[in-house]
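# Fold and geometry: a report
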Amino acid sequence: MRKGLLRSISLTLAFVLVSTFAVTSPAHATLAWSGFSGTMAPGASMTKRWNNTLPNAVYRVGLAPVGASTSADCEFEVTNQWYDRLSSGEREFYYTIKNIGSISCGTNILVSRISASSVQSTGGVEPGEIKTYSTQLTQLGPVSEVPLLGVLPSGATSANPCRFKVLRSWYQRVRQGDVARPVYLRYEVQNTGNIACSADVQMGLAEVEYQYSAKSVGAGATTGTRIGAEPDTATHLIALSPVENGCSVEVTRQFYRQYVSSSGTSGREFVWYMKNLGTTTCSAERMVSRI
């Protein structure tokens, strides 16, 4: 497995806090669908729908880019995803992928699912409104499973679906003296549709497959990690486990790349960026699950 450090970048701080809820047990993942994007130009995007979603599952998209050369990588990113619920009760999962590289190439798309249960009901939410919640992941010590969030919308009309997305999520170890304290997953959900409706926030958990040592990040700074992502059929999940009390960290971006070495050997990499949301330097362990 190949590791490397990417350059740090700076992003703006956003933080809110609400109430706490319990998590589910680890669940088995299933590949729901796979297919090829076709060749896409640099900067091009494509939105796809998976309409055979289960009501008690959350979904994750993995990418296996194809078409790199020795002079340029093929890079793809999932830039958006959301869930629709129709008045018939059908639940749909949408996602947008983008060629973020410098050459025309394509990617294999892997749509995986994990069984999940509800951890939060939003109640009625107006179009565009954002709500923030919190789930306790561990009482003491590091995070032991990798969470994956999704939403089960409710309240569609014949004219409009109920549409929600998980806008962002981050990890915080609460500050309570000098004793190691719980880690919480904070998350924002948004009604991105045209009507007021509600949703159940759902969570599935995957077993940690790889754990990396704690990485230190300066206040407000962002740092990157790159790992080998074989086999090409795997979809990756990331969890962060803050070390210091009061430390808050967020995965702000993640994408896949295919490279070809000078000898002609190709490989797949998974890249993600971690940001320190706080005002002092802190560190976090990095957990990876392949589903």
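Provided above is the structure to which this section pertains.
Residues numbered from 1 in each chain as written. Predicted model: local features only at pLDDT ≥ 70, side-chain atom pairs only at ≥ 80, totals over all residues. Heavy atoms only, no water.

### Quick notes on the overall build of the protein chain
What counts is decided by this rule: By the criteria applied, helices consist of DSSP H or I runs no shorter than four residues and strands consist of E runs no shorter than two, each listed in order from the N terminus. Burial status follows relative accessibility: with a 1.4 Å probe on protein chains alone, a residue under 20% of its type maximum counts as buried, one over 50% as exposed, and anything between as partly exposed. Accessibility throughout is a Shrake-Rupley quantity obtained with a 1.4 Å probe, and a residue counts as covered only by protein chains that appear here.
Scanning the protein chain from N- to C-terminus turns up zero helices and 20 strands. A total of 291 residues make up the protein chain; the buried ones form 50% of that total. Taken as a whole, the protein chain presents about 12100 Å² of accessible surface, with 47% of it coming from carbon and sulfur.

### As for the packing of aromatic side chains
Definition in use: Here a Phe, Tyr or Trp ring, Trp counted by its six-membered ring, pairs with any other such ring whose centre lies within 6.5 Å, and the pair is stacked when the planes are under 30 degrees apart, edge-to-face when over 60, and tilted otherwise. Only when the NZ atom of a Lys or the CZ atom of an Arg is both within 6 Å of the ring centre and within 35 degrees of the ring normal do we say a charge sits over the ring.
Counted by the stated rule, this structure contains eight aromatic pairs. With centroids separated by 5.1 Å and ring planes inclined at 5°, the aromatic side chains of tryptophan 82 and tyrosine 94 adopt a geometry described as stacked. Of the two residues, tryptophan 82 sits in strand 6 (residues 74-85) while tyrosine 94 sits in strand 7 (residues 91-99), which places them 12 residues apart along the sequence. As far as the burial class goes, tryptophan 82 and tyrosine 94 line up, both buried. Ring centres 5.8 Å apart and planes at 35° place the aromatic pair phenylalanine 93 and tyrosine 95 in the tilted group. Owing to a relative accessible area of 0%, phenylalanine 93 belongs among the buried residues under this scheme. Here tyrosine 95 falls in the buried class, since its relative accessible area comes to 1%. Put simply, the rings of Tyr59, Tyr83, Phe93 and Tyr95 touch in pairs and so form one group of aromatic residues. Arginine 168 extends its terminal NZ or CZ atom over the ring of tryptophan 170, reaching a point 3.9 Å from the ring centre.

### What to know about the sheet that holds strand 3 (residues 29-36)
Stated formally: In this description, strands pair whenever DSSP reports at least two bridges between them. Fitted lines through C-alpha atoms serve as axes, helices being fitted only where they are in contact, and the angles separating the N-to-C directions of these axes extend from 0 to 180 degrees.
With antiparallel pairing, three strands are arranged side by side in an open sheet as 3-8-5. Every other strand in the sheet has two partners, leaving strand 3 and strand 5 (57-66) as the edge strands with one partner each. When strand polarity is set aside, the average angle formed by the axes of neighbouring strands in this sheet is 20°. The pairing of strand 3 with strand 8 (residues 106-115) spans seven bridges and is classified as antiparallel. When the sheet's bridge partners are listed, serine 34 is paired in strand 8 with leucine 110.

### Comments concerning the pattern of salt bridges
We count it as follows: Each reported salt bridge corresponds to a side-chain nitrogen of Lys or Arg within 4 Å of a carboxyl oxygen of Asp or Glu.
Across all of its chains, the model carries 10 salt bridges by this definition. The partner of glutamate 92 in a salt bridge is arginine 49, and the shortest N-O contact between them spans 3.1 Å. Placement of the pair is glutamate 92 in strand 7 and arginine 49 in strand 4 (residues 45-50), with a sequence separation of 43 residues. Overall, the relative accessible area of 3% leaves glutamate 92 in the buried class. Residue arginine 49 is classed as partly exposed on the basis of its relative accessible area of 45%. A network of salt bridges, in which partner residues are shared, links Asp73, Glu75, Arg226, Arg257 and Glu269.

### What to know about the side chain of threonine 225
Test applied: What qualifies as a polar contact is a pair of N or O atoms within 3.5 Å, subject to a donor-acceptor requirement within protein and to the restriction that residues adjacent in sequence count only when both atoms come from side chains.
Relative to the helices and strands, threonine 225 is located in strand 16 (residues 221-228). Of the polar contacts made by the side chain of threonine 225, one reaches the side chain of lysine 215; its length is 3.3 Å. A distance of 3.2 Å separates the side chain of threonine 225 from the side chain of arginine 286, its partner in a polar contact.

### Section: the state of the cysteines
Test applied: When two cysteine sulfur atoms are found within 2.5 Å, that pair is recorded as a disulfide.
Here the structure, examined in full by the defined rule, presents three disulfides. Between cysteine 74 and cysteine 105 runs a disulfide, and the two sulfur atoms are separated by 2.1 Å. On the sign convention where negative means left-handed, the S-S torsion of about 95° between cysteine 74 and cysteine 105 marks this disulfide as right-handed. Here the residue cysteine 74 occupies a position in strand 6, and cysteine 105 occupies one in the loop between strand 7 and strand 8, the gap between them amounting to 31 residues. A relative accessible area of 0% means that cysteine 74 is categorised as buried. The exposure class of cysteine 105 is buried, given its relative accessible area of 3%.

### Brief notes about the pairing of strand 14 (residues 198-207)
Along strand 14, seven of the 10 residues are buried, which leaves the element largely enclosed by surrounding structure. Bridge analysis of strand 9 (residues 117-121) against strand 14 gives four bridges, and the strand direction is antiparallel. Each bridged residue has a counterpart across the sheet, and for glutamine 120 the counterpart in strand 14 is valine 201. Where strand 11 (residues 145-154) and strand 14 come together, 10 bridges link them in antiparallel fashion. Note on strand 14: the bridge partner recorded for valine 146 is alanine 206.

### Quick notes on unusual backbone geometry
In this structure, the amide linkage connecting glutamate 230 to the following residue, proline 231, adopts the cis form with an omega of 0°. Mapped onto the fold, proline 231 is located in the loop between strand 16 and strand 17 (236-242).

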